[in-house]
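Breakdown of the fold
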Amino acid sequence: MFLKIIRRSFYNMKDSYLIYILSCSFAVGMFSILLSLVDNPRLKSGISSWSASLNNITLGFSVLFIFCVFVYMGFVGGFFIKQQTNEFKTFEKFGMSRWTVIVIGFIQTFVVQLISWLIGIIIALIFQKFFGMLLLYLMGVKTGFMFRFTGNIFSMLWQICLYSTIVFSIMNSFRVRRLLKKNKDKSERTPRWYIRLPGGIVGILLFISGILVTVILFGDVKDSNQTAAVAELSFLFVAYLAGTYLMYYGFLPSFLTILQHTKKIAYAGINMFSFKYFKERLTKNVSILWFITELSSLALILLSFCYFGYKSIYTNYAYAHPFELTANQKTVDPIKKYLKENKSQITRSYKTTVKTTVIQRGSNNEMLPGTFISYSDYQKLPKSNIARNPRITKKEFLVLDFGYTVPGYASDKSNTAVVKVKNAKTIKTNKIGSAFPYGSTMYQGLMIVAPDKYYQKLKPEVRNTFYGWFFKDGDRLTHKQYEKLNKQEYTSGVQIKKAANLADTKMTTDTDRRNSSDTSVYMDSNFSRQKNAKVQVNQISGFGIFIVAMFSVSLLIALGSVLTLRLLLRDDSEWKQLKTLNKIGVSKSEIKEIVKKETIYSFVIPIIFAVLQSYIVIALLDRYPKTTMVIPFILINLGYIALYGIIGFVTYLISWRSVNQKLS
């Protein structure tokens, strides 16, 4: 008897159950694949950073992933119980005991969850190698991937499956019990217009104030006003969440009520028959629309930040390694020897002499090394190495510091840098860059491009010479040669012994690598190889793309399935309205138009508010003037909207198929 009732329930809602099971199975499959990658021996042997950090990051993301999956299962699983409200009450009315009805709800949930986990694990077994090879490809690792699903992983997955299935089954049992306890004669209370309308007005004010505060946030982030920025972000979090919900809760139903009483709209064409149905459907789904809006906004913000992180990694890589191979006077002899032995084909080579002395920042009086290069030598360097810096004339100074902005300077809005130089004139300039000609790792402190006369008069405490090479088909250094050079990487530097004033401060090349209250040590890299850094950058960025892609696709499927299920799961009164429309002469093509409008508005409204909220990411990244986020932000939004639109179109097709079957 139980099986017959459950089988009939599954058949009546087969489309909805199929969407839910496939969504859950996909999520379970992705979680299982992530979990199986953590201890994969081929990843450990082929990727040096896997055992050090990436495996723990993968494990952390898998935990976060399954937490999101559980939220989805618990939230969406309640849709089916609510859909069967009348069915469960009918069972009780015909004499079936309350506990028997509750057991039916328990068994239904248990079966669905078990099927979802079973299919998900099968998906993981089939596609683990594909996703492993995809990860290796994105990370630029040229090695094969080994399929591996250990007994421990199987045991863990089945334990999670069993415990979560029991928990969700019990949750839905309580939902069934709560439905049966409700007073049958008590009609569902719906808030009156005088409650909804003020709530909607408050929501509009909160949302508009959020947009205005976002504009203010632009300036505070750009001026590095952290205290104000944190307070504004806290307000935006509340304003957007509460404002959007209140707009859906109060303003949307009130606005639809006004349109319902507007004859030109409510009585125009098919609206004469469908507007009331359409209004009731949207009003019932306000919490779902709000949920989709906020998660879509979060997805767009995360995608934008991930793109910024990806771009920052490659920008920093370009700043740190502008030459294929870089050396100083400590390592130039062995490098030249290795290049000659390997018959490396040098296409271009550069040599620049620099002077280093003690300098002092004008804002905080911090004393640190300052490496000077003459204007003439600077202009001889490759254009690609200096193109990111501001252009200067032969009489201007250029200060190079790390990062996109110049921390430590008491800069006004023109970003004027003030640098005091030992035994030389103070430098004041608004020409500030961050692209070091020989790479940011080759020297600590600041680099200053000085006019030729200033450079010639400067009395240095340390002299050095930098060398840079470009090659045809790479530098051809062997692993053994690279290891020998690597031992010399951070073996030299400078030591600054601080005094009461800049003139008495001393700099030496003898370092014991120990900082003290009056002594600071600055270690330099004696060589830099682009190839090795590129391998690490490709691995980190490829891993990030893999994780973000998995989360983004899974989130998009989850959001799309939530809306799809809400549109498919119509209650008895809504089905009666559609059948009544068909009986009084409304054609199927017109009912199809009603379904299309409902789907369009249900998908379009959340994405509009999500895009408006996600614009906050532009404000947060506005402090980085060299990273233009507007175009990437637009492209990310367009890509997300395109995929979201495809899901909406599929939802429309499924929804109309379900309606058409009911009307036939």
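See the structure shown above.
Keep in mind the model is a prediction, meaning the values are calculated, not measured.

Further remarks concern empty space enclosed by the protein. With the rule as written, the count across this model stands at one cavity of 30 Å³ or more. When its volume is computed, the largest cavity comes out at roughly 110 Å³. Every residue lining the largest cavity is counted, 14 residues in all, and those nearest its centre are Tyr20, Gly77, Phe80, Thr109 and Asn172. For the lining of the largest cavity, the element with the highest residue contribution is helix α4 (residues 48-83), accounting for five residues.

Turning our eyes to something else, we now look at the sheet that holds strand β10 (residues 492-497). Across the sheet, which stays open at both edges, the three strands sit in the order β11-β10-β12 with antiparallel pairing between neighbours. Unpaired on one side and paired on the other, β11 (506-508) and β12 (519-524) mark the two borders of the sheet. For this sheet, the mean inter-axis angle between neighbouring strands, taken without regard to orientation, is 20°. Bridging between β10 and β11 involves three bridges; their strand directions are antiparallel. Of the residues in β11, the one forming a bridge with Lys497 is Lys506.

Below, the discussion takes up the packing of aromatic side chains. The tally for this structure, following the rule as stated, stands at 32 aromatic pairs. Ring centres of Tyr17 and Phe80 lie 4.3 Å apart, and the angle between their planes is 10°; on these two criteria the pair is classed as stacked. Of this pair, Tyr17 sits in helix α2 (residues 14-37) while Phe80 sits in helix α4, and the two are 63 residues apart along the sequence. An aromatic cluster is defined as three or more aromatic residues linked by ring pairs; in this entry it consists of Phe10, Tyr17, Tyr20, Tyr72 and Phe80. Positioned above the aromatic ring of Phe79 is the side chain of Arg566, whose terminal nitrogen or guanidinium carbon lies 5.0 Å from the ring centre.

Here we take up the environment of Lys351. Its location among the elements puts Lys351 in strand β2 (residues 345-361). Taking relative accessible area as the criterion, Lys351 reaches 59% and is therefore assigned exposed. Sequence-wise, Lys351 and Phe466 are 115 residues apart; in three dimensions their C-alpha atoms are separated by 5.7 Å. Residues contacting Lys351, with those up to four places away along its chain left out, are Tyr438, Thr465, Phe466 and Tyr467.

Now for the nonpolar core. Within the largest apolar cluster, 85 residues are counted, with the highest numbers of intra-cluster contacts made by Tyr20 and Leu565. Here Tyr20 is in contact with Tyr72, Met73, Val76, Gly77, Phe80, Val112, Gln113 and Leu565, once residues within four sequence places are set aside. Residues Phe372, Phe397, Val462 and Tyr522 belong to the second largest nonpolar core, which totals 24 residues.

All right, on to the packing of helix α12 (residues 286-320) against helix α22 (residues 630-663) then. A pair of packed helices is characterised by two quantities: the angle between their axes and the separation of those axes. Contact geometry for α12 and α22: axes closest at 10 Å, N-to-C directions at 135°. One finds that α12 runs oblique with respect to α22. The crossing of α12 and α22 is right-handed. Residues Ile292, Ser296, Ala299, Leu300, Leu303, Ser304 and Tyr307 of α12 pack against Pro632, Phe633, Ile636, Asn637, Tyr640 and Tyr644 of α22. Within the contact of α12 with α22, the residues separate by chemical class into 10 nonpolar, three polar and no charged.

Empty space among the atoms becomes visible once a probe the size of a water molecule is rolled across them. Here the second largest pocket defines a volume of roughly 1300 Å³. Lining the second largest pocket we find 46 residues, and of these Leu302, Ile547, Val548, Phe551 and Ser552 sit closest to its centre. If you list the elements that add at least two residues to the lining of the second largest pocket, you get α2, α4, α12, α18 (530-568) and α22. Tallying contributions element by element places α18 first for the lining of the second largest pocket, with 18 residues. For the lining of the second largest pocket, the residue count by class is 39 nonpolar, seven polar and no charged.

Attention now moves to helix α7 (residues 151-181). Given a rise of 1.5 Å per residue, 31 residues ought to cover 45 Å, and the 45 Å separating the end C-alpha atoms of α7 matches this to within 8%. Among all positions in α7, only Ile153, Leu157, Cys161, Ser164, Thr165, Phe168, Ser169, Asn172, Ser173, Val176, Leu179 and Leu180 are buried. In the core, the buried residues of α7 are packed alongside α2, α4, α5 (85-93) and α6 (98-138).

Further remarks concern α5. Along an α-helix, residues three or four positions apart point the same way, because every turn accommodates 3.6 residues. Along α5, the residues that are buried comprise Thr85, Phe88, Lys89, Phe91 and Glu92. Projected down its long axis, α5 carries its buried residues within an arc of 155°, all on one side. Gly95 lies just past α5 and shows a positive phi near 105°.

To continue, consider the environment of Thr331. Inspection of the secondary structure puts Thr331 in the loop between β1 (325-328) and α13 (332-341). The sequence separation of Thr331 and Asn526 amounts to 195 residues, and the corresponding C-alpha distance is 6.3 Å. If sequence neighbours within four positions are ignored, Thr331 has contacts with Gln488, Asn526 and Phe527. Reaching out from Thr331, the side chain makes a polar contact with the backbone oxygen of Asn526 at a distance of 2.6 Å.

A separate point is the pattern of salt bridges. Scanning the entire structure with this criterion turns up eight salt bridges. Asp15 serves as the salt-bridge partner of Arg657, at 2.8 Å between the closest nitrogen and oxygen. Of the two residues, Arg657 is situated in helix α22 and Asp15 in helix α2; the sequence distance between them amounts to 642 residues. For Asp15, a relative accessible area of 15% puts it in the buried group. Across the salt bridge formed by Asp39 and Lys44, the nearest N and O atoms sit 3.6 Å from each other. Accessibility expressed as a relative area gives 37% for Lys44, which makes it partly exposed.

Attention shifts here to unusual backbone geometry. Residue Asn423 is not a glycine yet carries a positive backbone phi of 60°. The topology assignment puts Asn423 in the loop between β5 (417-421) and β6 (427-429). Although it is not a glycine, Arg476 sits at a positive phi angle of roughly 65°. The residue Arg476 is located in the loop between β9 (462-472) and α17 (479-486) in this model. Overall, the relative accessible area of 35% leaves Arg476 in the partly exposed class.

We now examine the pairing of β2. Looking at chain direction, β2 and β9 are connected through 11 bridges and run antiparallel. Residue pairing in the sheet places Thr352 in a bridge with Phe466 of β9. In this sheet, strand β3 (residues 367-374) lies alongside β2 in antiparallel orientation, the contact comprising six bridges. Each bridged residue has a counterpart across the sheet, and for Ile359 the counterpart in β3 is Leu368. In terms of strand pairing, β2 meets β5 through three bridges, oriented antiparallel. Residue pairing across strands places Arg361 opposite Val419, the latter belonging to β5.

What counts, and at which threshold
- Residues numbered from 1 in each chain as written.
- Predicted model: local features only at pLDDT ≥ 70, side-chain atom pairs only at ≥ 80, totals over all residues.
- Heavy atoms only, no water.
- 1 Å grid on protein atoms, 1.4 Å probe; cavity = no way out; pocket = protein on both sides within 12 Å on 5 of 7 lines; lining within 4 Å.
- Points joined across faces, edges and corners; volume = space filled by probe spheres on them.
- Helix = DSSP H or I, 4+ residues; strand = E, 2+ residues; numbered from the N terminus.
- Pairing = 2+ DSSP bridges.
- Axes fitted to C-alpha atoms, helices over the stretch in contact; angles between N-to-C directions.
- Phe/Tyr/Trp six-rings, centres within 6.5 Å; stacked < 30°, edge-to-face > 60°.
- Lys NZ or Arg CZ within 6 Å of the ring centre and 35° of its normal.
- Buried < 20%, exposed > 50% of the residue type's maximum accessible area, 1.4 Å probe, protein only.
- Contact = heavy atoms within 4.5 Å.
- Core = buried A, V, L, I, M, F, W, Y, C linked by side-chain atoms within 4.5 Å.
- Parallel < 35°, antiparallel > 145°, perpendicular 65-115°, else oblique.
- Left-handed = near helix turned anticlockwise from the far one by under 90°.
- Nonpolar A, V, L, I, M, F, W, Y, C, P; charged D, E, K, R; others polar.
- Expected span 1.5 Å × (residues − 1).
- Arc of directions from axis to C-beta.
- Polar contact = N/O pair within 3.5 Å; in protein donor to acceptor, adjacent residues only side chain to side chain.
- Salt bridge = Lys/Arg side-chain N within 4 Å of Asp/Glu carboxyl O.

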